Amino acid sequence: MSQKTEQKGQSFLKGTAILTAATFIVKFINIFFSIPLANFLDDEGMGHFNTAYDIFVFFSVLASSGTPVAISRLVSVAYAQNRKREADKIFRVAFTLFSGIGLVGCIVMAVFSRQFAMLMNQNDRSMYAIAALAPMCFFMSLSSCLRGYFQGRSNMTPTAVSQVLESLIKLFVGIALALYFLKTTGLPELGAAGAILGVSIGSFFAVLYILLYYFRKSRDTRYSPFEPKVSSVGEILKSILTFAVPVIIGSAFLSALDIVDSSVMMYRLQGAAGVDANSAIAMKGWLGTARKYFDLPNAVPISTIVLPMLSGAIAKKEKREINRISMLSLRMTLMVAIPSAAGLCIFAKPICSLLLYSRPEFAANTAPLLAVMAPAVITASLLYTTNSMIQAVGKVYVPVINMIVGTVVRIGVVYVLCGIPEINAMGSAVGTFVSYLVMIILNLIALHRMLPEIPSVVRMGIRPLLASVIMGAVSYPVYLLLTRFMSEKFAVIPVILLAILVYLVAAVFTKAITREEIVQLPKGEKLADKLHLK
């Protein structure tokens with residue numbers, strides 16, 4: 001491996017490591033945000049919270065994989081061509097455009113909060129939580145542009161830090177406001193609104209941090225006098241919209257799945273299945289909680305870093321680097337997703353019992369939904385990564401078409417299954433798995449046409465799957481043994497740590513992890529030597 005290629009590999013893995021660490025910290029914080037909410041809000045309150053949170057996830061996905069994806073690709077290509085002025089002008093135009101769009105979204109959500117609530121729940125009690133979420137639309141539009149700009153420059157630090165800051169503020173402010181409103185009013189819908197207001201406040205401080213970071217860094221920017229003339233505002237707008245619109249549409253379809261799924265499920269539960277309104281809201285609370293736990297291990301950071309890196313390699317026409325980044329991205333996705341899916345499936349019941357410690361009945365109803373969703377962690381993680389790879393190639397409409405197909409399939413599955421009283425909300429969990437499976441199959445077919453030298457994903461997944469089987473075969477008997485001496489919700493804590501250790505050892509033993517990958521990490525040479533990797 002040449003020094004040049006090695007350095008690129010280090011940059012890729014370093015960026016992935018930064019975002020992965022930040023993502024797991026954020027997801028860990030989110031657990032502590034969800035635990036108290038699920039334990040002091042009743043089933044109805046959680047239903048109202050999840051109604052607004054579904055909308056939050058919708059805008060969050062747009063902000064994390066829509067706007068910044070488009071900006072990061074355009075900025076990355078500009079930097080690969082040594083056009084710094086072009087990259088900075090792309091950012092300024094995008095910032096102006098999307099801040100206006102975010103402001104309109106904020107006003108629409110605040111004004112029509114009652115209509116949104118009626119559409120999603122067949123009643124208006126969630127309107128307060130939806131209105132509390134409105135400022136987040138504007139703040140996220142700003143932060144998404146800033147994050148995309150720095151991601152395009154392969155600087156993942158501001159994205160990582162702002163995400164952690166946002167989650168910390170959401171945790172403390174959201175919980176405090178939820179408790180305050182619940183105590184002073186006794187209304188679960190206002191308690192849910194307090195929690196959601198914390199989300200909006202967290203978004204504000206994330207924007208504040210990343211803006212200060214931008215102004216500090218912009219002072220150090222130096223332009224070359226030999227750079228070509230920058231494009232006009234009209235040309236840049238056309239480039240942004242040409243790439244951003246299909247990416248945003250694709251992200252919207254993916255994130256809108258949960259909103260559409262929820263609306264169809266509520267309609268069918270209260271119609272064909274004969275479930276009363278309060279019970280349907282409770283089921284929605286179980287499903288929303290299961291989805292939060294399902295989202296914990298998704299390998300989104302890999303998709304975030306692969307797009308600017310792969311776009312830059314394609315702009316420079318470095319075929320070897322294109323293939324290396326593509327294969328490494330898919331391998332890393334599988335390395336995280338397969339054991340995560342196995343762990344969620346095997347330990348769904350004790351995980352829910354632990355996180356919902358004061359509500360055993362709620363935990364018992366949530367666990368089966370989580371277990372059914374768990375295999376979709378693999379397909380969902382692969383979907384994020386392959387979407388970014390296809391977008392980097394420039395075929396931005398392909399993921400959109402594939403996600404439209406998956407959306408139609410999911411709605412059909414939910415409509416049929418949720419109308420069956422014996423299946424009820426479980427139909428939505430099944431629909432989640434089926435839709436992601438359809439989408440990733442279509443994505444992989446398209447990707448192999450664009451990059452035919454990439455090995456089969458199935459073949460790449462064999463070693464991580466074998467390591468995961470070893471992990472389950474060792475950890476589950478230990479869990480059963482520990483439950484003889486302690487509660488299952490506490491027994492799962494040391495078992496999860498054991499499972500991670502066993503998986504890492506098994507990954508080395510099965511050669512799912514190679515020395516070439518380890519040495520590219522900080523102090524990787526020493527780590528590879530200790531693991532006896534050759």
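Residues numbered from 1 in each chain as written. Predicted model: local features only at pLDDT ≥ 70, side-chain atom pairs only at ≥ 80, totals over all residues. Heavy atoms only, no water.

### A word on the overall build of the protein
Okay, so step 1: When helices and strands are counted, the protein shows 21 helices and 0 strands.
Okay, so step 2: Here the protein holds 534 residues, and 56% of them are scored as buried.
Okay, so step 3: Here the analysis covers contacts within the protein between residues at least 6 apart in sequence; of these, 82% occur between residues at least 24 apart.
Okay, so step 4: Taken as a whole, the protein presents about 22300 Å² of accessible surface, with 69% of it coming from carbon and sulfur. (Helix = DSSP H or I, 4+ residues; strand = E, 2+ residues; numbered from the N terminus. Buried < 20%, exposed > 50% of the residue type's maximum accessible area, 1.4 Å probe, protein only. Contact = heavy atoms within 4.5 Å. Areas by Shrake-Rupley, 256 points an atom, 1.4 Å probe, with all protein chains shown as cover.)

### Brief notes about the nonpolar core
Okay, so step 1: Residues L37, F49, I196, L330 and M389 are the most contacted members of the largest nonpolar core, which totals 58 residues.
Okay, so step 2: In this view, M389 contacts V306, L310, S326, L330, L447, L451 and I454; residues no more than four positions away in its chain are not counted.
Okay, so step 3: One finds A341, C418, Y479 and V495 within the second-largest nonpolar core, a separate group that totals 48 residues. (Core = buried A, V, L, I, M, F, W, Y, C linked by side-chain atoms within 4.5 Å.)

### Quick notes on the environment of A87
Okay, so step 1: Within the secondary structure, A87 is located in helix α4 (residues 84-111).
Okay, so step 2: Beyond its immediate chain neighbours, meaning those up to four positions away, A87 contacts V75, A78, Y79 and Y149.

### Some points on the confidence of the model for the protein
Okay, so step 1: Considering every residue of the protein, the mean pLDDT works out to 83; 89% of them sit at 70 or more.
Okay, so step 2: Considering only residues more than four positions removed or in separate chains, one finds that residues 1-10, a stretch of pLDDT under 50, has 13 contacts. (pLDDT = per-residue confidence, 0-100.)

### Structural notes on a nonpolar patch on the surface
Okay, so step 1: A contiguous nonpolar surface patch, about 880 Å² in accessible area, is contributed by L481, F485, M486, F490, I493, I496, L497, I500 and L504.
Okay, so step 2: It is helix α19 (residues 488-509) that provides the largest number of residues to the nonpolar patch, a total of 6 residues.
Okay, so step 3: By the secondary structure assignment, I500 is in helix α19.
Okay, so step 4: On the basis of relative accessible area, I500 is assigned to the partly exposed category, the value being 48%. (Patch = residues over 30% accessible without salt bridge, like charges linked within 9 Å, V, L, I, M, F, W, Y side chains within 5 Å. Salt bridge = Lys/Arg side-chain N within 4 Å of Asp/Glu carboxyl O.)

### What to know about the environment of V505
Okay, so step 1: For V505, the location among the structural elements is in helix α19.
Okay, so step 2: In the structure, V505 is positioned 38 residues away from A467 in sequence and 8.3 Å away in space, judged by C-alpha atoms.

### Re the packing of aromatic side chains
Okay, so step 1: Under the definition given, this model contains 17 aromatic pairs.
Okay, so step 2: Between the aromatic rings of F91 and F95, the centroid separation amounts to 5.6 Å while the plane-to-plane angle is 45°, which identifies the pairing as tilted. Within this pair, F91 and its partner F95 are both found in helix α4, separated by 4 residues, close to a single helical turn.
Okay, so step 3: For F95, a relative accessible area of 22% translates into the label partly exposed.
Okay, so step 4: On the basis of an interplanar angle of 40° and a centroid distance of 6.1 Å, the ring pair of F347 and Y476 is categorised as tilted. Here Y476 lies in helix α18 (residues 457-482) and F347 lies in the loop between α12 (319-346) and α13 (348-355), a separation of 129 residues in the sequence.
Okay, so step 5: These aromatic residues form a ring-pair network of at least three members: F91, F95, Y149, F150, Y209, Y213, Y214 and F215.
Okay, so step 6: Positioned above the aromatic ring of Y415 is the side chain of R268, whose terminal nitrogen or guanidinium carbon lies 3.9 Å from the ring centre. (Phe/Tyr/Trp six-rings, centres within 6.5 Å; stacked < 30°, edge-to-face > 60°. Lys NZ or Arg CZ within 6 Å of the ring centre and 35° of its normal.)

### Some details on α13
Okay, so step 1: With 6 of its 8 residues buried, α13 lies for the most part within the structure.
Okay, so step 2: Looking at α13, one finds that the buried residues are A348, P350, I351, C352, S353 and L355.

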